[in-house]
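Overview (structure and organization)
Next come the chains, spelled out residue by residue.
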Amino acid sequence: MSGTHVARRVGKALFVPVLATALSHLLLAMPAVLWVGMRLLRERRVYPTLIVETVGWFFTVGQYIDRLNERPSMVMPLGMPAVFVAMTALSSVVLRPRSE
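These numbers were taken from a predicted model, which means no experiment stands behind them. (Residues numbered from 1 in each chain as written. Predicted model: local features only at pLDDT ≥ 70, side-chain atom pairs only at ≥ 80, totals over all residues. Heavy atoms only, no water.)

Considerations on the overall build of the protein
Broken down by element type, the protein carries 5 helices and 0 strands. Scanning the protein from its N terminus toward the C terminus, one meets helices and strands in the order α-α-α-α-α. Buried residues in the protein amount to 35% of all 100 residues. If you take every contact in the protein between residues at least 6 apart in sequence, the share linking residues at least 24 apart comes to 69%. Looking at the protein as shown, the accessible area adds up to about 6,200 Å², and 68% of this sits on carbon and sulfur atoms. (Helix = DSSP H or I, 4+ residues; strand = E, 2+ residues; numbered from the N terminus. Buried < 20%, exposed > 50% of the residue type's maximum accessible area, 1.4 Å probe, protein only. Contact = heavy atoms within 4.5 Å. Areas by Shrake-Rupley, 256 points an atom, 1.4 Å probe, with all protein chains shown as cover.)

Following this line, the structure appears as structure tokens:
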């Protein structure tokens, strides 16, 4: 796999969770948004990354779910979503498909 292809895949895996985090912050429908985003960017075989994203999102939201339920207008501190985005981007490199 060439360096350009890896950089493009990481870029997509960074862009999609940032956008999905913004869109799903209060909807809590992150896994679907992530899958759709990666498919729209023509990435295939993203299921391992999607699993990491899903588990990471539930841990991220789990830290603040009580506060989000009490105040629907509350915004999570940027630290946890930033860790989520970084973890997702790194998982795209570590868990990339073998057939590429």
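A few points about the packing of helix α3 (residues 47-62) against helix α5 (residues 79-94)
At a closest axis distance of 9 Å, the pairing of α3 and α5 adopts a crossing angle of 170°. Judged by the angle between their axes, α3 and α5 are roughly antiparallel. As α3 runs across α5, the sense of the crossing is right-handed. Residues T49, V52, E53, G56, W57, F59 and T60 of α3 form the contact with α5, whose own contacting residues are M80, P81, F84, M87, T88, S91 and S92. (Axes fitted to C-alpha atoms, helices over the stretch in contact; angles between N-to-C directions. Parallel < 35°, antiparallel > 145°, perpendicular 65-115°, else oblique. Left-handed = near helix turned anticlockwise from the far one by under 90°.)

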